[in-house]
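Chains, contacts and geometry: an overview
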Amino acid sequence: MANNQETVGGAKGMKVAFIGSECYPFIKTGGLGDVMYALPRALLRQGCEVRVMMPCYRCIPEKYRNQMNYIGSFMMNLTQDGRSFYVGIMEMELDGVTYDFIDNREFYDWGNPYTGLWEDIPKYCYFSKASLAALNYMDWIPDVIHCHDWQAALVPVYLRTLFSVTPVGAARSVLTIHNLRFQGICSIDHLKYWTGLPDFLFDYSVFKVNDCEANMFKGGLAYTDRITTVSETYAGEIQTDFYGEGLNSHLWYHRAKLTGIVNGIDIDIWNSRTDKLLPAPYGTEDVLSAKRENKKALQERLGLAVDENKLVIGLISRLTDQKGLDLIDAVFTQIADDGVQVVILGTGDARYENAFRYYESTYPGQVCAYIKYDESLAHQIYAGSDALLVPSLFEPCGLTQLIAMRYGTVPIVRETGGLKDTVEPYNEYTGEGNGFTFDQYRADLLLDAVRRAEQVYYGNRARWNAIVTRDMEKDVSWEHSADLYLKLYEELKG
Ligand code: ADP
Ligand code: GLC
């Protein structure tokens, strides 16, 4: 075990299988990968036995592929016409957590890891069924199977149907919604073909959306024993029209089994004192001087004017509509004309990539648009920026504001989902709070929040520094939320 903290008695012997489509450090495209890494480790510290199951993608780095051991293989029927597919199980252990990779070259030899929905649907139908079959094959029967997002949403359905009289059928299931925008919707025929599931499931209460389409997430939400999502606010929001992505009535119907448990971050990885990627590592006692050094190094690395007195605002994000980038676009010129520096790290929609490239060329030495996925630069931006912008349209939890706070970087966020639950608004009368916030999805309100941050940064540095220290001291670890998951598992185990 990596960590020798004391284990909680009740958790001893609790066996949990995590099933999901990505997991750091093997493959990560967003926060799901972080959660699939950090929560199992937090549960392990509580005394659980944890296995993580994910596809054996070709794009997993060689250094991990070389550490995997072949556990076994078998053929599995999948489709409506009874085609059978190879299922290989590759395994490795990392700090006490066992990782099982479901291997099939036909499905996982290409993609990064996602391609388009048409191909992804067969990939994850196969993955969901193969994961359950692999648990039976390995004779490792968990108490709880914890499934993540639409890619694993078929697991609870298979569990209660085709697998109900097999050993793994004894397990209970939890399905966590990390992002309701992606649901795995396709034609009824396509899903029927690739799942081989019986006709009665293609009903409005399970998969069916309309006369032609079926929805994998919808079916999983109906069949799972418990639904969780990654913040309390988002749990409420998704039962409304605006945030429900068409599943609000379905979720409202199933609300008795829905709870919100806020994410944490792995504070061993996100530790500004031991972070090897930082030019000047730091703790609360030397944060102010170290942040000046990290800012200087960041400005030098990115070709910005080296000036410790400039407010540096970072943005680390997938560049998609979810993240509120149209608001930033609408007021970018005004923000830049205030003289602050802006650093953008992200990839995604061409529309946003190009907009940020344009601002970089318009404001040389003041704006940097780094259109890439780059872990090491992310660490340096979290440490070297003064503020981090997260003005999302919706945000189930959001991890970047948590990492930012841990690194003494003040978040500027919209009050939605997990952003609302984790960033207490700065109170100009008392000086309390963790960051600058705004409520409605309006560009003028975003601009106002940025300007309130500028005022405190330039006009009342003592107050700003107090926010920095308070943010670093805020508990953003997994420990409390891991406890809540454990309680949920215990209730299910009965
Ligand atoms: P989401 O899952 O919606 O993308 P989160 O805030 O939950 O948003 O998680 C995003 C994670 O991905 C964080 O760990 C963040 O640091 C990381 N990240 C996002 N974009 C990049 C990038 N371009 N380079 C490096 N890390 C990134
Ligand atoms: C999703 C959400 C994000 C959340 C992450 C991990 O990708 O967009 O808000 O933090 O999952 O749960």
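Everything discussed here concerns the structure shown above.
A brief look at the structure comes next. (Residues numbered from 1 in each chain as written. Chains lettered and ligands numbered in written order. Predicted model: local features only at pLDDT ≥ 70, side-chain atom pairs only at ≥ 80, totals over all residues. Heavy atoms only, no water.)

**Structural notes on the side chain of His-190**
- Inspection of the secondary structure puts His-190 in helix α6 (residues 188-195).
- Residue His-190 is classed as buried on the basis of its relative accessible area, which comes to 9%.
- Once residues within four sequence positions are removed from consideration, His-190 is found in contact with Trp-118, Ile-121 and Pro-122. (Helix = DSSP H or I, 4+ residues; strand = E, 2+ residues; numbered from the N terminus. Buried < 20%, exposed > 50% of the residue type's maximum accessible area, 1.4 Å probe, protein only. Contact = heavy atoms within 4.5 Å.)

**Some details on the layout of surface pockets**
- Its volume calculated, the second largest pocket comes out at about 360 Å³.
- The wall of the second largest pocket is formed by 20 residues, among which Tyr-24, Asp-268, Ile-269, Trp-270 and His-379 lie closest to the centre.
- Broken down by element, the residue count for the lining of the second largest pocket peaks at three residues, all from helix α1 (residues 31-45).
- Here the lining of the second largest pocket is built from residues that sort into ten nonpolar, three polar and seven charged.
- Residue assignment places the lining of the second largest pocket across two domains, with domain 1 (2-264 + 479-493) and domain 2 (284-473) each supplying three or more. (1 Å grid on protein atoms, 1.4 Å probe; cavity = no way out; pocket = protein on both sides within 12 Å on 5 of 7 lines; lining within 4 Å. Points joined across faces, edges and corners; volume = space filled by probe spheres on them. Nonpolar A, V, L, I, M, F, W, Y, C, P; charged D, E, K, R; others polar. Domains from an automatic or database assignment.)

**Some thoughts on the sheet that holds strand β2 (residues 49-55)**
- On the basis of which strands lie adjacent, the open sheet formed by nine strands has the order β3-β4-β5-β2-β1-β6-β7-β10-β11 and mixed pairing. In the strand order of this sheet, the two ends are held by β3 (69-77) and β11 (258-260), each with one partner. Adjacent strand axes in the sheet meet at a mean angle of 25° when their direction is disregarded.
- Pairing geometry for strand β6 (residues 144-148) and strand β7 (residues 172-177), over five bridges, is parallel. Across the sheet, the residue bridging to Ile-145 is Ser-173, located in β7.
- Along the sheet face, helix α4 (residues 117-138) touches β1 (15-19), β2, β3, β4 (84-94), β5 (97-103) and β6 and points at about 115° away from the line of β3.
- Where helix α18 (residues 479-493) meets the sheet, its contacts fall on β1, β6, β7, β10 (226-229) and β11, and the angle it forms with β7 comes to roughly 145°. (Pairing = 2+ DSSP bridges. Axes fitted to C-alpha atoms, helices over the stretch in contact; angles between N-to-C directions.)

**A word on the packing of α4 against α6**
- Viewed as axis vectors pointing N to C, α4 and α6 meet at an angle of 30°, and their least axial separation amounts to 9 Å. As α4 runs across α6, the sense of the crossing is right-handed. Taken together, the residues of α6 that come into contact with α4 (itself represented by Trp-118, Ile-121, Pro-122 and Cys-125) are His-190, Leu-191, Trp-194 and Thr-195.
- Taken together, the residues that form the contact of α4 with α6 break down as six nonpolar, two polar and no charged. (Left-handed = near helix turned anticlockwise from the far one by under 90°.)

**A look at the sheet that holds strand β17 (residues 436-438)**
- Read from one edge to the other, the open sheet built from six strands follows the order β14-β13-β12-β15-β16-β17, with strand pairing classed as parallel. Here the strands that pair on one side only, and so sit at the sheet edges, are β14 (367-370) and β17. Between one strand and the next, the sheet's axes are offset by a mean angle of 15°, whatever the strand orientation.
- Packing of helix α17 (residues 461-473) onto the sheet brings it into contact with β15 (387-390), β16 (410-414) and β17, and relative to β16 it is tilted by some 85°.

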